[in-house]
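Spelled out from the first residue to the last, the chains are:
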Amino acid sequence: MKQRYNYRIYPTSQQEQLLAQLFGCCRVVYNDGVALCQQIYKEGGKKPSNSELQKLLITQAKKTEKREWLSKVSAIPLQQSLNDFNIAYQNFFNSCQGKRKGKKVKPPKFKSRKSNQSARFTRGGFKVGQHKIKLAKIGKVKIIWSRKLPNPPSSATVIKDSASRYFISFVVETIPEKLPDNGQSVGIDLGIETFATLSNGQKIKSSKPLKKYQRKLRRCQRNLSRKKKGSKRDEKARKRVAKVHSKIKDTRTDFLHKLSTDIIRENQTIVLEDLNVSAMVKNRKLSKAISDLGWGTFRTLLEAKSVMYGREFIVIDRWIPTSQVCSNCGFNGGKKELNIREWTCINCGVVHDRDINASKNILVAGGHSETLNGRGAGRKTSIKLAVGDEASTHREIRFKHLSLFQ
């Protein structure tokens, strides 16, 4: 399977100017493709092929006075920019025809110089060294090897984020490492104050990076709002805000990566509840707290790493009443308010912690409980594998709970 390895690079001031020129050329070529296809669409024509676009927007454009500066940068990133443009249109066509799963994709838009900038080099456009990486028409750029590359990379993407940090991302072909089956299974209940509650009783507190840096972020944003748009001080203030946002993002990503890796290594089967996060963030009182947690990213990481390490990942239906049912006897005690963190089952008398009880029910719904009065055994399940291009496990489960009025 293919994996990405990201590293920090430190170009010199001269190399920064060359990279800025390269990013601008890639952006212009991409935007020229968008403008051309929009004009052809208005005239009732058909979108040109990728080879025709490259010939028209790169080869012939270099000979014109308006675009002669395209010849000052490497042609490889320009070609890759049009390849990305062609893939974007192909995804749009497949989405319109129903050949692409998920939400409908919109046609490509114009790229902005204010967003993240990137340029991709394929083999022949870069060379990996011990302390530096050589890029075509850029030179040798200092790189920090935080970890070794397992195999020679097939492509390298240079990225400049909104905080003016430079990174390089390699695509490497790797062989997934299958971990031995340890027979352990775990159900995970996600929450706000406690990020994850495991069925074994372990609770992981939320990192809440946005709440941690909110005071500093508010001060930087207030300072930015007072600057004159387009001035040098406005740009400096914008970078300060971007650095705070990057710190928040890096803190959250680091927490989610470490937690997902620990769960994957310690358990053979992971059961998670399907949460409708897009609807939950519409709650004006909880939207900021939910967005700060990164539930969607956590699920994506678990799905990808379960495929990588040979684990089983199960997502149960979101309508299963995991917080209402007693994990000891299966009695449904009805809906409970969010402020009720502990409750006693009126059928068997067991006192439950709300989150731990829900995580145990999630594990039972996944069909991997060994006890609990036989609950979780003998259920008919249908497995569907779909995580992007890789595989994951999804089970549709129907079972009956005891009710007070039955």
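Going by the structure above, here's the rest.
The following paragraphs examine the structure supplied in this document. The residue count restarts for each chain, going from 1 along the sequence in the order it is written. Local features in a predicted model are, by the rule used here, given only for residues with pLDDT of at least 70; side-chain atom pairs are given and counted only at 80 or more, and totals for whole chains, interfaces and linings are based on all residues. To obtain the side-chain values, all non-hydrogen atoms of the structure were used and water was disregarded.

With that settled, the discussion passes to the packing of aromatic side chains. Two aromatic rings are characterised by how far apart their centres lie and by the angle between their planes. In this scheme Phe, Tyr and Trp rings, the latter by its six-membered ring, pair at centre separations within 6.5 Å, and the angle between planes marks the pair as stacked below 30 degrees, edge-to-face above 60, and tilted otherwise. In this structure the tally under the stated criterion is eleven aromatic pairs. Judged by centre distance (4.9 Å) and plane angle (70°), the ring pair of Y7 and W145 falls under edge-to-face. Of this pair, Y7 sits in strand β1 (residues 2–10) while W145 sits in the loop between β5 (139–144) and β6 (155–160); the two residues are 138 residues apart in sequence, bridging distant segments of the chain. Ring centres 6.0 Å apart and planes at 15° place the aromatic pair W145 and F170 in the stacked group. Residue W145 is found in the loop between β5 and β6, and its partner F170 is found in strand β7 (residues 166–173); the two are separated by 25 residues along the sequence. Since its relative accessible area comes to 27%, W145 is described here as partly exposed. Among the residues examined, F170 registers a relative accessible area of 0% and is labelled buried. A cation over a ring is seen here: K111 above Y30, with NZ or CZ 4.4 Å from the ring centre. Secondary structure elements follow DSSP: runs of H or I no shorter than four residues count as helices, runs of E no shorter than two count as strands, and numbering proceeds from the N terminus. The rule is simple: take the accessible area with a 1.4 Å probe, protein chains only, and divide by the maximum for that residue type; under 20% is buried, over 50% is exposed, in between is partly exposed. In our convention, an over-ring charge means Lys NZ or Arg CZ found within 6 Å of a ring centre and within 35 degrees of that ring's normal.

Attention now goes to the nonpolar core. Counting residues in hydrophobic clusters, the biggest one holds 40 residues, and the most contacted among them are L78, I133, L135, V158, I168 and F170. It is helix α1 (residues 13–42) that provides the largest number of residues to this core, a total of eleven residues. We call two residues in contact whenever any of their non-hydrogen atoms come within 4.5 Å of each other. If sequence neighbours within four positions are ignored, L135 has contacts with F121, G125, F126, V141, V158 and I168. Note on terminology: a nonpolar core comprises buried Ala, Val, Leu, Ile, Met, Phe, Trp, Tyr and Cys residues joined through side-chain atoms within 4.5 Å. With 24 residues, the next largest nonpolar core counts L190, L293, W295 and Y309 among its residues.

DSSP calls a pair of strands paired once it identifies at least 2 bridges connecting them. A sheet is described by the order of its strands in space; here seven strands give the open sequence β2-β6-β7-β1-β5-β4-β3, paired in antiparallel fashion. The two strands at the open ends of the sheet, each matched to only one other strand, are β2 (117–122) and β3 (126–128). Neighbouring strand axes in the sheet, compared pairwise and without regard to direction, differ in orientation by 30° on average. Axis definition: a line fitted to C-alpha atoms, over the contacting stretch in the case of helices. Angles run 0 to 180 degrees between N-to-C directions. The sheet contacts of α1 involve β2, β5, β6 and β7, and relative to β2 the element is tilted by about 90°.

Our focus in this paragraph is the state of the cysteines. Sulfur atoms of two cysteines make up a disulfide when they are within 2.5 Å. Enumeration according to the criterion identifies zero disulfides in this entry. Looking at the unpaired C26, the closest cysteine sulfur is the one in C25, lying at 7.0 Å. Counting only cysteine sulfurs, C37 is the nearest neighbor of C96, a cysteine outside any disulfide, at a range of 14 Å. Under the relative-accessibility criterion, C96 is labelled exposed at 52%.

Here the focus is helix α10 (residues 354–365). In an α-helix, one full turn covers 3.6 residues, which means residues spaced three or four apart are oriented alike. Helix length check: α10, at twelve residues, gives a terminal C-alpha distance of 16 Å against a target of 16 Å (1.5 Å per residue), a fit within 8%. Residues of α10 that are buried: R354, D355, I356, N357, A358, S359, N361, I362, L363, V364 and A365. Where α10 ends, the next residue or the one after it, G367, has phi of about 80°, a positive value. To estimate the expected span of a helix, subtract one from its residue number and multiply by 1.5 Å.

Pairing geometry for β1 and β5, over three bridges, is antiparallel. From the neighbouring strand, R8 faces β5, where its bridge partner is I144. In sequence, strand β4 (residues 132–135) turns back onto β5 through a hairpin of three residues, with K137 there showing a positive phi of about 60°.

With that out of the way, let us pick up the packing of helix α2 (residues 50–59) against helix α3 (residues 75–96). When two helices pack together, their arrangement is given by the angle between their axes and by how far apart the axes lie. Running from N to C, α2 and α3 cross one another at 135°; their axes reach a closest spacing of 10 Å. With respect to their mutual orientation, α2 and α3 come out oblique. Considering the relative orientation of α2 and α3, their crossing is right-handed. For the pair α2 and α3, contact is made by N50, L53, Q54, L57 and I58 and by L78, Q79, L82, N83, F85 and N86, respectively. Residues are sorted three ways: Asp, Glu, Lys and Arg are charged, Ala, Val, Leu, Ile, Met, Phe, Trp, Tyr, Cys and Pro are nonpolar, and all the rest, Gly among them, are polar. Residues belonging to the contact of α2 with α3 are distributed by class as follows: six nonpolar, five polar and no charged. Roughly parallel means an angle under 35 degrees; roughly antiparallel means over 145; roughly perpendicular covers 65 to 115; every other angle is labelled oblique. The crossing is said to be left-handed when, going from far helix to near helix, the turn is anticlockwise and less than a right angle, and right-handed when the turn is clockwise.

Further remarks concern unusual backbone geometry. Despite not being glycine, K137 shows a phi value in the positive range, around 60°. On the secondary structure map, K137 appears in the loop between β4 and β5. With phi around 45°, K208 is a residue other than glycine that occupies positive phi space. With respect to the secondary-structure elements, K208 resides in the loop between β10 (203–205) and α4 (209–212). By relative accessible area, which is 18% here, K208 ends up buried.

It is worth spelling out the pattern of salt bridges at this point. Note on definitions: salt bridges are taken to be side-chain nitrogens of Lys or Arg within 4 Å of carboxyl oxygens of Asp or Glu. Under the definition given, this model contains 13 salt bridges. The partner of D161 in a salt bridge is R165, and the shortest N-O contact between them spans 2.8 Å. Residue R165 is classed as buried on the basis of its relative accessible area, which comes to 18%. A salt bridge links D353 to K203, with the shortest nitrogen-to-oxygen separation between them at 3.0 Å. Of the two residues, D353 is situated in strand β15 (residues 351–353) and K203 in strand β10; the sequence distance between them amounts to 150 residues. Under the relative-accessibility criterion, D353 is labelled partly exposed at 23%. When salt bridges with common partners are traced through the structure, they connect D274, R299, E303 and R318 into a single cluster.

Our focus in this paragraph is the pairing of strand β11 (residues 269–273). Summarising burial for β11: five of the five residues are buried, a large majority. Side chains of β11 alternate between two faces, with T269, V271 and E273 and I270 and L272 buried alike. Pairing of strand β8 (residues 185–190) with β11, which is carried by four bridges, proceeds in the parallel orientation. Across the sheet, the residue bridging to G187 is V271, located in β11. Across five bridges, the pairing between β11 and strand β12 (residues 312–316) is parallel.

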